[in-house]
Amino acid sequence: MTPEESNNELYRQVVLITEEYLGPAAPRFVARQINFHLGKSPQELVTDDLPKLVEWSKLTLGLLTEDRQVVAQFADKLARLGEGQL
Amino acid sequence: MQWVVIALWLIYATLSLLSPNATGNHYHLASWQTFGLHLAIVLPVLVVWLVALRGALAFKHYAGIITGGVEARSMNLIAMGLLWLVAYLISLSLLGNILPYFAHSPAITWLVSLRNQVPPLINLIAFGLLYLGSHRLQRVVTFTTWTRGSSWLMVAFLIFASLFALEFATTDVPNNLNGIPIYTMSRPVLLVTMILPYMLAWFMGLLAAFNILKYARQVKGLLYRQALRGVARGIVAIVGCIAIFEVLIVAVRFLAGLSLGSLLLVMYALLLLGGLGFWWVQTGAQQLGKLEVTE
């Protein structure tokens, strides 16, 4: 199921933020993080999962770029989803 | 696949090094110098073939990883186009090196036709696939091929293509080069079966290069764009290198007048550009692949 087809708003927001960094690779990246580290499907993502998802996503993005600022900015945007500040 | 390419290169190298071709006589070289000259060509060619294969396979591998993704079909078509370009490079070298062995055989007529007409068709397929793939990228990002800059470049290309066709149709060429016929068909037939496919291929290659550059500039994703930049740069270099190479092949009479040093310089420059292009594609595809597998 693509993020557009999903009725999970949080998942869609996570993908939207990730797209700023990973473009078309974002839905696959997010699905991998959720499946692999949270052990659930993207459809089942809830706000309580966010801290763990942010940590793992931050760590994984850190493997893809050496630009710490980009990684911090990405993690910050994801974390703010949980605070309802987006 | 790598072993198939190495086996084909061994055939190509043997054909080239043992060639009864009169290249050496043309430049008044001793037989050992002719051997050295052939060696100075076949070795870089092997490097370029291997780099090209690795680049095309790396991109095909990436296209395989993203199966099901919104850009997967486009990337797969581009990967197929790159693989056809590898086939093009190999067929061109092999067909060209078989000819001297049949210089005095009746088979030379159809072998020359094969050499003249098969590579343009393979190239047309390759650039056609690149274009189709690049065009489908518009489903991922909205961009238009026809901006003012690309339109002016196309006008310049059409003027060049018309002059090129006119020159080909009207200029006398020597019957043969080093004892091998250059063409065995009439000029109008060659215009349709050789020049037209080349021009269509260049046209589509140019459009593919525009589309891929525009996609790489406009697609979302900071890290994705960085990885894609190498692929885009590589494809532009490959398209440019092959188009220049083909112009030189068709205008072989101009090359015949060059000194040996200048000829080698042109050849090395093109091999370097093509090799660099495929290497950029490979490193870009590896970076893109990394985005897909890191957990």
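Quick caveat, the model's predicted, so the values are computed rather than measured.

Novice: Account for the overall build of chain B, with residues named and values stated.
Specialist: Secondary structure summary: chain B contains 10 helices and 2 strands in total. Starting at the N terminus and ending at the C terminus, chain B contains elements arranged as α-α-α-α-α-α-β-β-α-α-α-α. A compact globule built from 295 residues would reach a C-alpha radius of gyration of about 19 Å, and chain B, at 20 Å, matches this within 12%. Its C-alpha atoms give chain B principal-axis dimensions of roughly 60 × 40 × 30 Å. Split into buried and exposed, the 295 residues of chain B put 50% on the buried side. Within chain B, contacts between residues separated by at least 24 positions form 81% of all contacts whose residues are at least 6 apart in sequence. Counting every atom, chain B has about 13700 Å² of accessible surface; 71% of that belongs to carbon and sulfur.

Novice: Lay out the interface of chain B and chain A with the relevant residues and their values.
Specialist: Many descriptions give the size of an interface as the accessible area lost when the pieces come together. Tallying the contact residues gives 18 residues for chain B and 19 residues for chain A. Of the roughly 1600 Å² buried between chain B and chain A, counting both surfaces, carbon and sulfur atoms make up 61%. Looking at the side of chain B facing chain A, the largest losses of area belong to B:Leu223, B:Thr294 and B:Glu295, adding up to 40% of the total buried there. Counting the contacts that link chain B with chain A gives 3 salt bridges. In this structure, B:Lys220 and A:Glu19 form a salt bridge, with 3.6 Å as the shortest nitrogen-oxygen distance. Between the two partners, chain B and chain A, sit 10 residue pairs in polar contact (both at pLDDT 80 or more). Within the residue set of the side of chain B that touches chain A, elements represented by two or more residues are helix 8 (222-250) and helix 10 (260-293) of chain B. No other element matches helix 10 of chain B, which puts 4 residues into the side of chain B that touches chain A.

Novice: Explain empty space enclosed by the protein residue by residue, including any values.
Specialist: Residue and element names in this part refer to chain B. Under the counting rule described, the total for this entry stands at 3 cavities of 30 Å³ or more. Looking at the second largest cavity, its volume works out to about 40 Å³. At the level of secondary structure, the elements contributing two or more residues to the lining of the second largest cavity comprise helix 4 (72-98), helix 7 (187-218) and helix 8. The element contributing the most residues to the lining of the second largest cavity is helix 8, with 3 residues.

Novice: Outline the packing of aromatic side chains, listing residues and values.
Specialist: Tallied over the entire structure, the rule returns 10 aromatic pairs over all chains. For the ring pair A:Tyr21 and A:Phe74, a centre distance of 5.2 Å and an interplane angle of 70 degrees mean the geometry is edge-to-face. Remark: A:Phe74 occurs in helix 4 (residues 68-82) and A:Tyr21 occurs in helix 1 (residues 9-22); sequence separation between them is 53 residues. Each member of the pair, A:Tyr21 as well as A:Phe74, carries the same accessibility label: buried. When the ring of B:Phe168 is compared with that of B:Tyr183, the centres are 5.4 Å apart and the planes differ by 75 degrees; the resulting orientation is edge-to-face.

Novice: Describe the confidence of the model for chain A, with residues and values.
Specialist: Averaged over all residues, the pLDDT of chain A is 90; the fraction at 70 or higher stands at 95%. Mean pLDDT across the secondary structure elements of chain A bottoms out at helix 4 of chain A, with 93, and peaks at helix 1 of chain A, with 95.

Novice: For the nonpolar core, give the residues involved together with the corresponding values.
Specialist: Counting residues in each nonpolar core, the largest one holds 109 residues, and the members touching the most others are A:Leu22, B:Phe59, B:Met75, B:Leu82 and B:Tyr224. If one sorts the elements of this core by residue count, helix 3 (residues 31-65) of chain B sits on top with 15 residues. With residues up to four places along the chain from it excluded, the contact list for B:Met75 reads B:Phe59, B:Tyr62, B:Ala63, B:Ile66, B:Leu137, B:Tyr215, B:Tyr224 and B:Leu228.

Novice: Just give me the short version of the packing of helix 1 of chain A against helix 2 (residues 26-38) of chain A, but keep the residues and values in it.
Specialist: Residues and elements named next belong to chain A. Where helix 1 meets helix 2, the closest approach of the two axes is 8 Å, and the angle between their N-to-C directions is 125 degrees. In terms of orientation, helix 1 and helix 2 fall into the oblique class. Where helix 1 crosses over helix 2, the two elements pack in a sense that is right-handed. Across the interface between the two elements, Tyr11, Val14, Val15, Thr18, Glu19 and Leu22 of helix 1 pack against Ala26, Pro27, Phe29, Val30 and Ile34 of helix 2.

Novice: Any details on the packing of helix 7 of chain B against helix 8 of chain B? Residues and values, ideally.
Specialist: All names here are of chain B. Viewed as axis vectors pointing N to C, helix 7 and helix 8 meet at an angle of 165 degrees, and their least axial separation amounts to 9 Å. By the angle class used here, helix 7 and helix 8 are roughly antiparallel. The element helix 7 and its partner helix 8 pack so that their crossing is left-handed. Of the residues in helix 8, those touching helix 7 at Met194, Ile195, Tyr198, Trp202, Gly205, Leu206, Ala209, Ile212, Leu213, Tyr215, Ala216 and Arg217 are Tyr224, Arg225, Leu228, Ala232, Ile235, Val236, Val239, Ala243, Glu246, Val247 and Val250. Of the residues belonging to the contact of helix 7 with helix 8, the class tally is 19 nonpolar, 1 polar and 3 charged.

Novice: Which residues make up the layout of surface pockets, and what values go with them?
Specialist: Considering only enclosed or pocket space, the largest pocket measures out at about 450 Å³ in volume. Along the wall of the largest pocket there are 21 residues; nearest its centre are A:Pro3, A:Glu4, A:Pro24, A:Pro27 and B:Val70. Of all the secondary-structure elements, those providing two or more residues to the lining of the largest pocket are helix 1 and helix 2 of chain A. Examining the composition of the lining of the largest pocket, we find that 3 residues originate from one element, helix 2 of chain A, more than from any other. Taken as a whole, the second largest pocket encloses approximately 150 Å³ of empty space. As for the second largest pocket, its lining consists of B:Phe127, B:Phe157, B:Phe160, B:Trp202, B:Leu206, B:Val239, B:Gly240, B:Ala243, B:Ile244 and B:Val247. At the level of secondary structure, the elements contributing two or more residues to the lining of the second largest pocket comprise helix 6 (148-170), helix 7 and helix 8 of chain B. Here the lining of the second largest pocket gets 5 residues from one element, more than from any other, and that element is helix 8 of chain B. Within the lining of the second largest pocket, the residues separate by chemical class into 9 nonpolar, 1 polar and no charged.

What counts as what
- Residues numbered from 1 in each chain as written.
- Chains lettered and ligands numbered in written order.
- Predicted model: local features only at pLDDT ≥ 70, side-chain atom pairs only at ≥ 80, totals over all residues.
- Heavy atoms only, no water.
- Helix = DSSP H or I, 4+ residues; strand = E, 2+ residues; numbered from the N terminus.
- Rg over C-alpha atoms; globule rule 2.2 N^0.38 Å.
- Buried < 20%, exposed > 50% of the residue type's maximum accessible area, 1.4 Å probe, protein only.
- Contact = heavy atoms within 4.5 Å.
- Areas by Shrake-Rupley, 256 points an atom, 1.4 Å probe, with all protein chains shown as cover.
- Buried area = accessible area lost by both parts, 1.4 Å probe.
- Salt bridge = Lys/Arg side-chain N within 4 Å of Asp/Glu carboxyl O.
- Polar contact = N/O pair within 3.5 Å; in protein donor to acceptor, adjacent residues only side chain to side chain.
- 1 Å grid on protein atoms, 1.4 Å probe; cavity = no way out; pocket = protein on both sides within 12 Å on 5 of 7 lines; lining within 4 Å.
- Points joined across faces, edges and corners; volume = space filled by probe spheres on them.
- Phe/Tyr/Trp six-rings, centres within 6.5 Å; stacked < 30°, edge-to-face > 60°.
- pLDDT = per-residue confidence, 0-100.
- Core = buried A, V, L, I, M, F, W, Y, C linked by side-chain atoms within 4.5 Å.
- Axes fitted to C-alpha atoms, helices over the stretch in contact; angles between N-to-C directions.
- Parallel < 35°, antiparallel > 145°, perpendicular 65-115°, else oblique.
- Left-handed = near helix turned anticlockwise from the far one by under 90°.
- Nonpolar A, V, L, I, M, F, W, Y, C, P; charged D, E, K, R; others polar.

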